Amino acid sequence: MKAIPPTVSYISLFFIALLAISPVSAWEITPDGDYNIIIDMTGYESIVPVDITSLGSLDPFGTQLVFVLDALDILTSANFGPADYEIIRSLYPQFDTPFVTHYGKRVNVEELLTTYPDATIGRYGADDSVNTPVRNVGVPVVVDYVESPELLISSANMLGTMLGKETEAAAFEAYFRGVMDELKSQTDLISEDERLVVYMTKSEPLNTFDAEQYQTSMIEIASASSASVDVSGGDVAINIEQLYLWDPDVIVLAPYCSASIEDIMADSQWQELKAVKNGAVYRLPKYLASWDLPIPESILGMIWLAQTLYPEYVDFDIENEIVTFYKGFYGLDIDAETLEFILTDTRQVNTGASQEKLDRA
């Protein structure tokens, strides 16, 4: 079993309060002999074995939670989404096999069945193309929902209870809440006039996030305002005129954005934006996956973002935090070379190594 992360000052203050914390989204697990009756985060009821020995994950964010819950030994098929497959396969050789779920919202049920899953983690919002086809062949599907830090924690608790990993889920919650509270205690000193407006891209420079998406929560936890906080519609496409109306203080490129920092800085259409004039254009880091996604690694994205925006206020040893986090929750030893790579590599995240096998689904 992986080691639980070493105790740090801001973790111990919150661990005792864990039992009093209620899940944000209602879920329920009721034991019934050798089975658990699970009402998941969408309200769907499933019956799964108490002793799960083969688990499939149809959801890339649920896959990451399996890492944190120290349950990789039972993960027999997985969707990793926009992750760096070369890194994942080099660190976890057991995943150097064909994946049976697609990067998009569909699933190869026949291949999934070859792994004999006792249960699967479903994909939120993909009942017709993913969850229902799997349920129709008799495999239980339990759906998580992670579109905010609170929902991510709640999902970890649900899956931890389902997999008998309550201790690991509690440790993750303690760490995640501890870091968020420590960030808040430091950024509370920032006056309203000093709070910055951040524009964060999706996969294209003029695509961004609406108010309900995880990335907006990350920006708010870093005590900034999202430029797109008042728009709705999920995947938001804007034009350059709208971006000038917002005129953000800072532009943050998602790790999977097709444009580079150099592209933005050299593009004549962007030259008069405040952020470009001031050189405040950054690429969010990534490692196994992108630090802006609703996954455990996003806590490092929150630290990086707050520290990048407010270096005079936010005092985190991010290098030590990266080492502690990946050792404690992913069982990885991050050496100095890897640490430098994580913090300085501004290239678009490499997901291409996965595509050939994924396209078969």
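Fair warning: this is a prediction, and the values are worked out from it, not measured in the lab.

Definitions and cut-offs
- Residues numbered from 1 in each chain as written.
- Predicted model: local features only at pLDDT ≥ 70, side-chain atom pairs only at ≥ 80, totals over all residues.
- Heavy atoms only, no water.
- Helix = DSSP H or I, 4+ residues; strand = E, 2+ residues; numbered from the N terminus.
- Buried < 20%, exposed > 50% of the residue type's maximum accessible area, 1.4 Å probe, protein only.
- Contact = heavy atoms within 4.5 Å.
- Pairing = 2+ DSSP bridges.
- Axes fitted to C-alpha atoms, helices over the stretch in contact; angles between N-to-C directions.
- Phe/Tyr/Trp six-rings, centres within 6.5 Å; stacked < 30°, edge-to-face > 60°.
- Lys, Arg positive; Asp, Glu negative; His and termini not counted.
- Salt bridge = Lys/Arg side-chain N within 4 Å of Asp/Glu carboxyl O.
- Polar contact = N/O pair within 3.5 Å; in protein donor to acceptor, adjacent residues only side chain to side chain.
- Core = buried A, V, L, I, M, F, W, Y, C linked by side-chain atoms within 4.5 Å.
- Expected span 1.5 Å × (residues − 1).
- pLDDT = per-residue confidence, 0-100.

## Things to note about the overall build of the chain
In step 1: A count of helical and extended segments in the chain gives 15 helices and 13 strands.
In step 2: Evaluated residue by residue, the chain yields a buried proportion of 57% over its 361 residues.
In step 3: The long-range share in the chain, meaning contacts at least 24 apart out of those at least 6 apart in sequence, stands at 65%.

## Section: the sheet that holds strand β13 (residues 281-283)
In step 1: The strand order across the open sheet built from four strands is β10-β8-β12-β13, with neighbouring strands paired in parallel fashion. Of all the strands in the sheet, just β10 (225-226) and β13 have a single pairing partner and so form its edges.

## Things to note about the sheet that holds strand β1 (residues 28-32)
In step 1: Reading across the sheet, the three strands line up as β1-β2-β3 and stay open at both edges, with antiparallel pairing between neighbours. Of all the strands in the sheet, the pair left with one neighbour each is β1 and β3 (45-49). Adjacent strand axes in the sheet meet at a mean angle of 25° when their direction is disregarded.
In step 2: Two elements, β1 and strand β2 (residues 35-39), share five bridges in a ladder whose sense is antiparallel. Within β2, the position partnered with aspartate 32 by the bridge is tyrosine 35.
In step 3: Each of β1, β2 and β3 is contacted by helix α6 (residues 149-162), which is oriented at about 5° to β1, the strand it contacts most.

## Description of the packing of aromatic side chains
In step 1: By the definition in use, this model includes 16 aromatic pairs.
In step 2: Ring geometry for phenylalanine 172 against phenylalanine 176: centres 5.3 Å apart, planes inclined by 55°, an arrangement best described as tilted. Of this pair, phenylalanine 172 and phenylalanine 176 both sit in helix α7 (residues 166-187), four residues apart, which is roughly one turn of the helix. Across the pair, exposure class does not vary: phenylalanine 172 and phenylalanine 176 are buried alike.
In step 3: Consider the rings of phenylalanine 325 and tyrosine 326, whose centres lie 5.1 Å apart with planes at 80°: the pair is edge-to-face.
In step 4: Taken together, the ring pairs connect Phe67, Phe80, Tyr85, Tyr92, Phe172, Tyr175, Phe176, Tyr287, Phe325, Tyr326, Phe329 and Tyr330 into an aromatic cluster.

## Observations concerning the side chain of arginine 283
In step 1: With respect to the secondary-structure elements, arginine 283 resides in strand β13.
In step 2: Although arginine 283 is buried, it forms no salt bridge, and the closest oppositely charged side chain is aspartate 263 at an N-O distance of 6.6 Å.
In step 3: There is a polar contact of 2.9 Å between the side chain of arginine 283 and the backbone oxygen of alanine 254.
In step 4: A polar contact of 3.1 Å, which involves the side chain of arginine 283, links it to the backbone oxygen of alanine 259.
In step 5: Ignoring any residue separated from it by four or fewer positions in sequence, one finds arginine 283 in contact with Leu253, Ala254, Pro255, Tyr256, Cys257, Ala259, Ser260, Ile261, Trp304, Thr346, Arg347 and Gln348.

## Observations regarding unusual backbone geometry
In step 1: With phi around 50°, tyrosine 116 is a residue other than glycine that occupies positive phi space.
In step 2: Looking at the element boundaries, tyrosine 116 is found in the loop between α4 (109-113) and β6 (119-122).
In step 3: Positive phi outside glycine occurs at serine 223, with the angle close to 65°.
In step 4: The topology assignment puts serine 223 in the loop between α8 (214-221) and β10.
In step 5: Residue serine 223 is classed as buried on the basis of its relative accessible area of 9%.

## Quick word on the environment of phenylalanine 67
In step 1: Looking at the secondary structure, you find phenylalanine 67 in helix α2 (residues 60-68).
In step 2: When the C-alpha positions of phenylalanine 67 and proline 296 are compared, they lie 9.1 Å apart, and in sequence the two are 229 residues distant.

## Quick notes on the nonpolar core
In step 1: Judged by nonpolar contacts, the single largest core of 106 residues is most densely connected at Leu55, Met162, Tyr326 and Tyr330.
In step 2: Per-element tally for this core: the top contributor is helix α12 (residues 298-309), with eight residues.
In step 3: Ranked by size, the runner-up nonpolar core spans 10 residues in total, among them Val107, Leu112, Val139 and Val143.

## Considering α12
In step 1: The terminal C-alpha atoms of α12, which comprises 12 residues, lie 16 Å apart, in line with the 16 Å expected from a rise of 1.5 Å per residue.
In step 2: Of all the 12 residues making up α12, 11 are buried; the element is thus mostly covered by neighbouring parts of the structure.
In step 3: Listed in full, the buried residues belonging to α12 are Ser298, Ile299, Leu300, Gly301, Met302, Ile303, Trp304, Leu305, Ala306, Gln307 and Leu309.

## Structural notes on the pairing of β2
Where a strand is regular, its side chains alternate between the two sheet faces.
In step 1: Only one face of β2 is covered, namely the one carrying Asn36 and Ile38; the face carrying Tyr35, Ile37 and Ile39 has none of its residues buried.
In step 2: Following β1, the chain reverses through two residues before pairing antiparallel with β2; glycine 33 in that reversal takes a positive phi of roughly 65°.
In step 3: Judged from the five bridges that link them, β2 and β3 form a sheet pairing that is antiparallel. Residue pairing across strands places isoleucine 37 opposite isoleucine 47, the latter belonging to β3.

## Things to note about the confidence of the model for the chain
In step 1: Averaged over every residue, the pLDDT of the chain is 88; the share at 70 or more is 88%.
In step 2: Below pLDDT 50 for its whole length, residues 353-361 participates in 25 contacts with residues either more than four positions away or in separate chains.

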